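Here is how the chains run, residue by residue.
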Amino acid sequence: MATAEIIRVGNLNIDTGSYRLHKDKAPVKLTPTEWALLKELVQHPNQVLTHRTLLRRVWGEEYATENDYVHTYISRLRRKLEDNPANPQHILTEAGLGYRFDYEAPTATHSTAQTPEEQTPVEIATPSQRPAYINPLPQHLDGRYVGRQAQRNQLRELLLDNTRLVSIYGRAGVGKTALASTILEELQQSDEFSGMVLLSANSTGITLGRILSDFYRLLGTSPDETPEQRQIIYRITNLLDRLRNGNYVLLLDNLEQLQDPETGRVVDSDVEALLKVALEQGSTLRILATSRYPITLPHAVKIWERVISLEEGLTSEDGIALLRTSDPDGYAGLRDEDAATLAEIVQRTHALPRALEAVTGILLESPLLTPRDLLENAAMLSDELGEMFIGEAIAQLDPESVKVMELVSLFERAVPLDMLGKFAQPHLEGEALKPILNRLVRAYFLKYNPDDRTIAMHPIDRDYCYNRIDDNERQSLHAQIADLYAEHYNPDADGLRSIADLAAPLSSVFHRIRAEQYDRAAEHIIDLDRRYMNIWGNDTELAALYAQVIRFINSDDLLRTVTLRYGEALRRVGHLPEAIAHFERARELASEHEDGHDMANALNSMGWAHYDTGQFTEAIAYWENALSIYRETGNRSGEGDTLSGMGWVSYLMGSYEQALNYVQDALRIFGEIGGHMHRVGMNIGDSGVIRAAQGHYDTALQNLRESLSIAAMNNSLNERSYKGGYLAMVLLLAGSAEEAESVARTALQYDVPANRHFVAAVHGLALATLGRGDEAERAFEQAVRYADALLKYSAGLYNARYARALALTGLAVLRGGSADEAVAEYERALALCGTDGVRQVQAGLVSVLDGEAVERVHGVLQV
């Protein structure tokens, strides 16, 4: 076998050892599969490798008959390597046999001892660098994209010009996805972007949780969020900050599925928030959206959008070119048809690309039908928008092909090929599926994505085929699909890190709901909630799932659980009024069924909801009732958690001895039941903060350092940020400004969004105390920015309001300006939450500074 590592041929330099390819000295990026195929070809120069050989070596023995895979990837390689892919000079076709790579290789790289069929398969290594993009492009054109040159140039320039939002609008079937995919594929071969996350409502789905998890996969990191840091605005700003060291693209394809068709507003509030924040703040993130409806956004951020309109079909010339390009072998009679006939077909279909593809599909599936025959059938080509014609085209297929189209239409998104095979087997005879799929893909009725081996269909086609199925049959089929997906769910599997890893169980839930098996769907949601989604912060997705089942649940026990957990998800995303309503309902249901466990949980949740809004007295009352029930029922963990909350709120209310008692009781409980080191460390740190408020700095510092040590042992970045911030605060109050500055600087590196405004403000205080005025100013300005980003969408966050006020005070002192703005901000904060404990913390921090501004603030903060 050939062993050459570097091949130079023409304007190509191919390094198969380090996976580098240059064309005209410019780097060209290949996917791992493309590298595997190219490596086979170049390591056997001038030898014909059959389809079977390539399939076996690149894809494996089980793909030995899937010739379409080879055709697809050879086409993609030619587009990247050849100067003229239509007339290749390097990767040549040997009709009826296979392919060969044409070049004169050095003698050392040849081996003629074996035939291609006899040689040992090459072991293909995967490039070590992380992928430049997450998820496949929603559409692969394989060199068939025709026309729209002005729009292609415009889109490319807008993305390269750092446009914050580029929107491609147009009717169904006009080619929005194709345009976006074509340009993004081009840009993937350049060095202009650090990475791309490619999402489509028709394949991956579009949610904030998926956007966040996919970008963190791209970055090779994680958000490290806990329930306390899950306000939507925190999560968005944190992501945007992490993307600032590169240039990134986010594709939101088929966004109309998340929009109100009447108003154009994005009905998913989290995705809408992402658009608003990304456009308003500006970042290195470029958002590319395709939709049937213009996106409705506030004027202040809408100005950052640039629009590409595709309301019209192709030009007649381009429409004719598309028909010919879609029939390269002439089997449909389009390649060699006269231009006048093709022009009439283009005119009758309004040159909509999807309709023109359907024309090719009809002719490929009906060999006796000619393009002229289509024109003589007035009914088929008479629809004003071309959409009815697509239905007519599907109706022309043979019954088994229509059946396969209907089966594919049942899936919410692109379906894995192996899943479709299992599902279709009882509904088709023998091994009929693969040849039918091959025909439907070649005829453009279905789309095959070789990167993730999925089958998808155009939304127009899906709607038509789905509506052909009887309602009762649909429910039965959805239940079958749910069972298949459930088989792929292993709750104890390793490697589950984000919502993207839960595709199978989430699909099972979707199909249970479509099958109207609401109780089974609810049980599955609760399992995902407890095991993964709650921990990972996918609260918006959870709330949406619970909303779909809660009205239809039959089991009383299940309804109580869903009501409470739905409320918890709503609370974590900041929908407090709705959350409280669900907690009240959960309490009523628990009372009706005399269920103490559920009653305590509902009361505990009510306590945290009131804590969020600064209503500390009400929170304590709810927790006291919950604590009583937890003790009666012997729920030690619930008892410990409730005591922890009561301790922290008592500290904020200025009741330090009571706060310390609660925290010590919680520590005793967690120590007795074991397995809760995270909670142990958290409560030790809380004890330190309380001791500091009492003036016992030595003990406080000891507690906080121990807490930080436990957080480091557990790799809890959140606790390292929180307790690091409090340790810096106590060091500052104890007169150790230099160490406080170092600790605060370290805590900021953990970048916990819910805490960074406070840490930045404390860091500013430490820098100001050390006489490093310029650095202190920057730290205070940073704290204000962090707080502003949160308060814009969550004005009731009293802790962010206080951090902002503290930073404004620092800026007033450093700049010798008026304290009016700082005083006004403190007054706003006090209106939200003005307890003695909160006032005392702020007064102590402000006392680190000197000047008239400090005196004015002290007058407002008097305890």
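Use the structure listed above.
Residues numbered from 1 in each chain as written. Predicted model: local features only at pLDDT ≥ 70, side-chain atom pairs only at ≥ 80, totals over all residues. Heavy atoms only, no water.

## Considering helix α11 (residues 339-348)
Taken together, the buried positions of α11 are occupied by T341, L342, I345, V346 and R348. Tucked into the core, α11 has its buried residues touching α10 (316-325), α12 (353-365) and α13 (371-376). Measuring from the backbone nitrogen of A340 back to the side-chain oxygen at the start of α11 gives 3.1 Å, which picks out D338 as the cap. Directly after α11, the chain includes H350, whose backbone phi takes a positive value near 60 degrees. (Buried < 20%, exposed > 50% of the residue type's maximum accessible area, 1.4 Å probe, protein only. Helix = DSSP H or I, 4+ residues; strand = E, 2+ residues; numbered from the N terminus. Contact = heavy atoms within 4.5 Å. Polar contact = N/O pair within 3.5 Å; in protein donor to acceptor, adjacent residues only side chain to side chain.)

## With respect to the nonpolar core
Burial of nonpolar side chains together is a common tendency in soluble globular proteins. Y611, F616, Y651, L652, Y726 and Y826 are the most contacted members of the largest nonpolar core, which totals 84 residues. Discounting chain neighbours no more than four positions away, the residues touching Y651 are Y656, A659, V689, I690, A693, G837 and V841. (Core = buried A, V, L, I, M, F, W, Y, C linked by side-chain atoms within 4.5 Å.)

## Describing helix α15 (residues 399-409)
Of all 11 residues in α15, eight are buried, a share of seventy percent or more. Within α15, the full set of buried residues consists of S401, V402, V404, M405, E406, L407, V408 and S409. With a side-chain oxygen positioned 3.2 Å from the backbone nitrogen of E400, the residue opening α15 is D398.

## Quick notes on the sheet that holds strand β5 (residues 49-50)
A sheet is described by the order of its strands in space; here three strands give the open sequence β5-β7-β6, paired in antiparallel fashion. Looking along the sheet, the strands with just one partner apiece sit at the ends: β5 and β6 (91-94). Pairing analysis gives four bridges linking β6 to strand β7 (residues 98-101), with the strands arranged antiparallel. Counterpart to I91 in the pairing with β7 is F101. (Pairing = 2+ DSSP bridges.)

## Looking at the packing of aromatic side chains
Under the definition given, this model contains 13 aromatic pairs. Residues F215 and Y248 carry aromatic rings whose centres are separated by 6.3 Å and whose planes lie at 85 degrees to one another, so their mutual orientation is edge-to-face. Of the two residues, F215 is situated in helix α6 (residues 208-219) and Y248 in strand β11 (residues 248-253); the sequence distance between them amounts to 33 residues. One exposure class covers both F215 and Y248, and it is buried. With 6.4 Å between their ring centres and 75 degrees between their planes, F411 and Y485 make a pair best called edge-to-face. With F411 in the loop between α15 and β14 (415-416) and Y485 in helix α19 (residues 471-487), the pair connects residues that are 74 residues apart, well separated along the chain. Across this residue pair, the class does not change: F411 and Y485 are buried. (Phe/Tyr/Trp six-rings, centres within 6.5 Å; stacked < 30°, edge-to-face > 60°.)

## As for the sheet that holds strand β3 (residues 20-23)
Taking strand neighbours across the sheet as the criterion, the four strands line up as β1-β2-β3-β4 in an open arrangement whose pairing is antiparallel. The strands lining the two open edges of the sheet, one partner per strand, are β1 (6-9) and β4 (26-27). The sheet contact formed by β3 and β4 spans two bridges and is antiparallel. When the sheet's bridge partners are listed, K23 is paired in β4 with A26.

## Looking at the pairing of β11
A large share of β11 lies buried, amounting to six of its six residues. Residues Y248, L250 and L252 of β11 are buried on one face, and the alternating residues V249, L251 and D253, pointing to the opposite face, are buried as well. Here six bridges tie strand β10 (residues 195-200) to β11, and the two strands are oriented parallel to one another. Its bridge partner being in β11, M196 is matched across the sheet by V249. Strand direction decides the pairing type here: β11 and strand β12 (residues 285-291), joined by five bridges, are parallel. Note on β12: the bridge partner recorded for L251 is L288.

Bear in mind that shape data such as this cannot, by itself, settle questions of function.
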